[in-house]
Amino acid sequence: MTGPLERLGRWVLDRLTALGRANLFLLRLVGALAFLVRRPGLLVRQLYAVGVLSLPIILVSGLFVGMVLGLQGYANLVDFGATSSLGTVVALSLIRELGPVLTALLYAGRAGSALTAEIGLMKATEQLASMQMMAVDPFARVLAPRFLAGFIAVPLLTAIFTAVGILGGYWVAVVQLGVDGGAFWAQMQARVLLWEDIGNGVAVKSVVFALLANWIALFEGYEAHPTSEGVSLATTQTVVATSLAVLGGDFLLTALMFGAW
Amino acid sequence: MLSSPLPADAAPPCSGRLVTVRGLSFRRGERVIFRDVDLDIPRGKVTAIMGPSGTGKTTLLRLLGGQLRPDAGLIEVDGLRVPELGRRELYQLRQRMGMLFQSGALFTDLSVFDNVAFPLREHTRLSEKLIRTLVLMKLEAVGLRGARALMPAELSGGMARRVALARAIALDPMMVLYDEPFAGQDPISMGVLTQLIRTLNDALCLTSVIVSHDVKETAAIADYLYLLSDGQIVEHGTPGELGRSASPWVDQFMHARPDGPMSFHYPAPPYETELLLREPA
């Protein structure tokens, strides 16, 4: 019979051990990236799988989010006669927050969960073990191309999500609601800063989220129990852990980049 | 001093000892899997390691292949101490070993052809034309040349095992490890596989290690048998010797008798006690 304190202690120790394993996993993953210099074809194939195939959901979601921002922004700004600021509101919301965060969350749901399930099933069906027995390192041959492809894809998808979102906002605000198109773009051009907003938001945040999303997805798959239940649990865990890490990370990054302290 | 008639890089002759295991101990958590196990595997022969399910036969293969490290003892393959090898040396050794997994472990995103070509493409700089020839030769050996365009999901269990066998011998290894090659096979597939293992072993001067609990099929092709139970080798010898063994354990296992020293039931409290318990344990 274990007491609650002992169970808590065990839980904390298990989490710390898992964190240590995850860090070692990342180190080994980064070490295996050099293999891709000799086999760039593996990277291209994975870029297609995690990047190109994620485009439809990113494009459609970006468009809808931008349209909603246009509608909501207009509904609030029109009372103050400030609809000319709508371009700035839509652009800053997408560039600083919604673009990187929503892209990472959508990526975790579409590509991250698929990565976990794929790696978990490869483990459960002994494909990774057979690769090792054929003297082929699964870290180099299987995991590194997926990791690098995801790391490249997420920032690009974020940029696409943001751009499409701005176009969606423009369509609602200018084409549908009659906001002045010149003011929409001019305000945006005047208020959105290249490094502070686009650099911090789209670039830095998306790179951090790309690292988190792909690291978690591959680690969960690699550590999954080799059973159908284990793979299912790992896939769920990927989406939950990535979502929490992205949202928590976003708060920290926002506080550092744009916060008052 | 006379010079050797063979070139320095000639293949080793099919004689002598390829694998030496001494004092092997291995445990998983609290459970002891092996306790002071000794065994030898001769070159060019088919050696079978048999025993009931759960005795650690697959674990032994993983120890031989360096996928697991023993707690104590010596594992030597072709003069190399496997647990002491670095990753590079271990991978070099594995290029000379093939392993047939129980599930086949084919790559589900690659066709039959590409599965067999996989080790050749990873470890050689051969032209695609030569790789094609080699893959067709290996597939012909297992009778599946005509199935090269199929995907693993389109194969029966027996066919998948044969493709995996073709892949395992793609690099012409010195040794092939077979993990339960006959499990779940229909009689025809089982007959074909049995014949294939023996034929390939003799034709290619391989060393075959079969882990199995299919007594009849394994004894039919093995040159030497080791029987594992409770973490130890309980008997070893040729199939004929073991068939005549006086040991009640060997007699029970080799002749599939329901009664004997080995219990069918997993250790449990007395049946009556359990049934009379008011609350489930």
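Residues numbered from 1 in each chain as written. Chains lettered and ligands numbered in written order. Predicted model: local features only at pLDDT ≥ 70, side-chain atom pairs only at ≥ 80, totals over all residues. Heavy atoms only, no water.

## Quick look at the overall build of chain A
Phase 1: Of regular secondary structure, chain A possesses 10 helices and zero strands.
Phase 2: Along chain A, helices and strands appear, N-terminal first, in the series α-α-α-α-α-α-α-α-α-α.
Phase 3: Along the three orthogonal principal directions, the C-alpha set of chain A runs to about 65 × 50 × 30 Å.
Phase 4: A total of 261 residues make up chain A; the buried ones form 48% of that total.
Phase 5: Residue pairs in contact within chain A that sit at least 24 positions apart in sequence constitute 83% of those at least 6 positions apart.
Phase 6: Both charge centroids of chain A, one from 15 positive and one from 14 negative side chains, sit 9 Å from each other. (Helix = DSSP H or I, 4+ residues; strand = E, 2+ residues; numbered from the N terminus. Buried < 20%, exposed > 50% of the residue type's maximum accessible area, 1.4 Å probe, protein only. Contact = heavy atoms within 4.5 Å. Lys, Arg positive; Asp, Glu negative; His and termini not counted. Charge placed at Lys NZ, Arg CZ, Asp CG, Glu CD.)

## A look at the packing of aromatic side chains
Phase 1: The full count for this structure, using the stated rule, is 10 aromatic pairs over all chains.
Phase 2: Measuring from centroid to centroid gives 5.5 Å for Phe25 of chain A and Tyr222 of chain A, while their planes differ by 45°, and the two rings are tilted. Remark: Tyr222 of chain A occurs in helix H9 (residues 194-223) and Phe25 of chain A occurs in helix H1 (residues 4-31); sequence separation between them is 197 residues.
Phase 3: Measuring from centroid to centroid gives 5.4 Å for Tyr224 of chain B and Tyr226 of chain B, while their planes differ by 65°, and the two rings are edge-to-face.
Phase 4: Take Tyr226 of chain B: its relative accessible area is 5%, and that puts it in the buried class.
Phase 5: Through pairs of rings, three or more aromatic residues link up here, namely Phe25, Phe139, Phe219 and Tyr222 of chain A. (Phe/Tyr/Trp six-rings, centres within 6.5 Å; stacked < 30°, edge-to-face > 60°.)

## A word on the interface of chain B and chain A
Phase 1: Across the boundary between the two partners, chain B contributes 22 residues, which contact 17 residues of chain A.
Phase 2: Summed over both partners, the interface of chain B with chain A buries about 1700 Å², with 56% contributed by carbon and sulfur atoms.
Phase 3: When the buried surface of chain B facing chain A is broken down by residue, Tyr91, Phe107 and Glu122 of chain B rank first, second and third, together holding 28% of it.
Phase 4: Taken together, the links from chain B to chain A amount to four salt bridges.
Phase 5: With its nearest N and O atoms 3.0 Å apart, the salt bridge here joins Arg62 of chain B to Glu126 of chain A.
Phase 6: Taken together, the links from chain B to chain A amount to 12 residue pairs in polar contact (both at pLDDT 80 or more).
Phase 7: At the level of secondary structure, the elements contributing two or more residues to the side of chain B that touches chain A comprise helix H2 (87-94), strand E6 (97-100) and helix H3 (112-123) of chain B.
Phase 8: Among the elements that make up the side of chain B that touches chain A, the one with the highest residue count is H3 of chain B (four residues). (Buried area = accessible area lost by both parts, 1.4 Å probe. Salt bridge = Lys/Arg side-chain N within 4 Å of Asp/Glu carboxyl O. Polar contact = N/O pair within 3.5 Å; in protein donor to acceptor, adjacent residues only side chain to side chain.)

## Some words on unusual backbone geometry
Residue and element names in this part refer to chain B.
Phase 1: The backbone of Ala105 shows a phi angle near 55°, a positive value even though the residue is not glycine.
Phase 2: Its location among the elements puts Ala105 in the loop between E6 and H3.
Phase 3: A positive phi is found at Cys205, a non-glycine position, where the angle reads about 55°.
Phase 4: On the secondary structure map, Cys205 appears in the loop between helix H6 (187-203) and strand E8 (207-212).

## Overview of the nonpolar core
All names here are of chain A.
Phase 1: The biggest cluster of nonpolar side chains holds 56 residues, and the ones touching the most others in it are Phe25, Tyr107 and Leu218.
Phase 2: Top contributing element to this core by residue count: helix H7 (residues 138-176), with 14 residues.
Phase 3: The residues touching Tyr107, leaving out its near neighbours within four places in the chain, are Val50, Gly112, Leu115, Gly150, Val154, Leu157, Ala213 and Asn214. (Core = buried A, V, L, I, M, F, W, Y, C linked by side-chain atoms within 4.5 Å.)

## A short note on the pairing of strand E10 (residues 232-237) of chain B
Phase 1: In this structure, strand E9 (residues 224-229) of chain B lies alongside E10 of chain B, joined through five bridges in antiparallel fashion. Looking at the pairing, Leu228 of chain B lines up with Ile233 of chain B of E10 of chain B. (Pairing = 2+ DSSP bridges.)

## Considering the sheet that holds strand E3 (residues 46-50) of chain B
Residue and element names in this part refer to chain B.
Phase 1: Across the sheet, which stays open at both edges, the six strands sit in the order E6-E7-E8-E3-E9-E10 with mixed pairing between neighbours. Two strands bound the open sheet, and with one partner strand each, they are E6 and E10. Direction aside, the axes of adjacent strands within the sheet are offset by 15° on average.
Phase 2: Sheet contacts for H6: E3, strand E7 (175-179) and E8; angle to E8, the most-contacted strand, approximately 160°. (Axes fitted to C-alpha atoms, helices over the stretch in contact; angles between N-to-C directions.)

## Things to note about the environment of Met133 of chain A
Phase 1: Secondary-structure assignment places Met133 of chain A in helix H6 (residues 127-133).
Phase 2: If we ignore the near neighbours within four places in the chain, the residues touching Met133 of chain A are Gly65, Gln67, Arg94, Met97, Met99, Phe101 and Leu177 of chain B.

## Notes on a nonpolar patch on the surface
Phase 1: A cluster of nonpolar side chains, contributed by Leu5, Leu8, Trp11, Val12, Leu13, Leu16 and Leu19 of chain A, occupies part of the molecular surface with about 770 Å² of accessible area.
Phase 2: When you line up the elements, Leu19 of chain A lands in helix H1. (Patch = residues over 30% accessible without salt bridge, like charges linked within 9 Å, V, L, I, M, F, W, Y side chains within 5 Å. Areas by Shrake-Rupley, 256 points an atom, 1.4 Å probe, with all protein chains shown as cover.)

## Here's the deal with H3 of chain B
Phase 1: With nine of 12 residues buried, H3 of chain B is to be regarded as a mostly interior element.
Phase 2: Looking at H3 of chain B, one finds that the buried residues are Val112, Phe113, Asn115, Val116, Ala117, Phe118, Pro119, Leu120 and Glu122 of chain B.
Phase 3: Contact partners of the buried residues in H3 of chain B: helix H2 (35-38), H6 and H7 of chain A together with helix H4 (128-141) and helix H5 (157-168) of chain B.

## Focus on the environment of Tyr91 of chain B
Phase 1: Checked against the element boundaries, Tyr91 of chain B lands in helix H2.
Phase 2: Linking Tyr91 of chain B and Gly66 of chain B, residues 25 residues apart in sequence, is a C-alpha distance of 9.3 Å.
Phase 3: In this structure Tyr91 of chain B touches Gln132, Ala135, Val136, Asp137 and Pro138 of chain A, once residues within four positions along its chain are discounted.

## What about the side chain of Thr158 of chain A?
Phase 1: Inspection of the secondary structure puts Thr158 of chain A in helix H7.
Phase 2: Beyond its immediate sequence surroundings of up to four residues, Thr158 of chain A is in contact with Gly99, Pro100, Thr103, Val202 and Ser206 of chain A.

## So, the confidence of the model for chain A
Phase 1: Looking at chain A as a whole, the pLDDT averages 92, with 98% of positions reaching at least 70.
Phase 2: Across chain A, the element-wise mean pLDDT spans from 89 in H2 of chain A up to 95 in H7 of chain A. (pLDDT = per-residue confidence, 0-100.)

## Topic: the sheet that holds strand E1 (residues 17-28) of chain B
Residue and element names in this part refer to chain B.
Phase 1: The antiparallel open sheet is built from four strands, whose spatial order is E2-E1-E4-E5. For this open sheet the edge positions go to strand E2 (31-42) and strand E5 (80-81), each flanked by a neighbour on one side alone.
Phase 2: Against the sheet, helix H1 (residues 57-64) makes contact with E1, E2 and strand E4 (72-77), and its axis sits at roughly 120° relative to E1, the strand it touches most.

## A look at the pattern of salt bridges
Phase 1: Under the defined criterion, the tally for this structure stands at 24 salt bridges over all chains.
Phase 2: For Asp137 of chain A, the salt bridge is made with Arg28 of chain A, and the minimal N-O distance between the two is 3.5 Å. Residue Asp137 of chain A is located in the loop between H6 and H7, and its partner Arg28 of chain A is located in helix H1; the two are separated by 109 residues in the primary sequence.
Phase 3: For Arg28 of chain A, a relative accessible area of 32% translates into the label partly exposed.
Phase 4: The salt bridge partner of Asp40 of chain B is Arg22 of chain B, with a shortest N-O separation of 3.0 Å. With Asp40 of chain B in strand E2 and Arg22 of chain B in strand E1, this residue pair connects regions lying 18 residues apart in the sequence.
Phase 5: Accessibility expressed as a relative area gives 23% for Asp40 of chain B, which makes it partly exposed.
Phase 6: For Arg22 of chain B, a relative accessible area of 31% corresponds to the partly exposed category.
Phase 7: Several salt bridges share partner residues, and in doing so they unite Arg28 and Asp137 of chain A together with Arg87 of chain B into one network.

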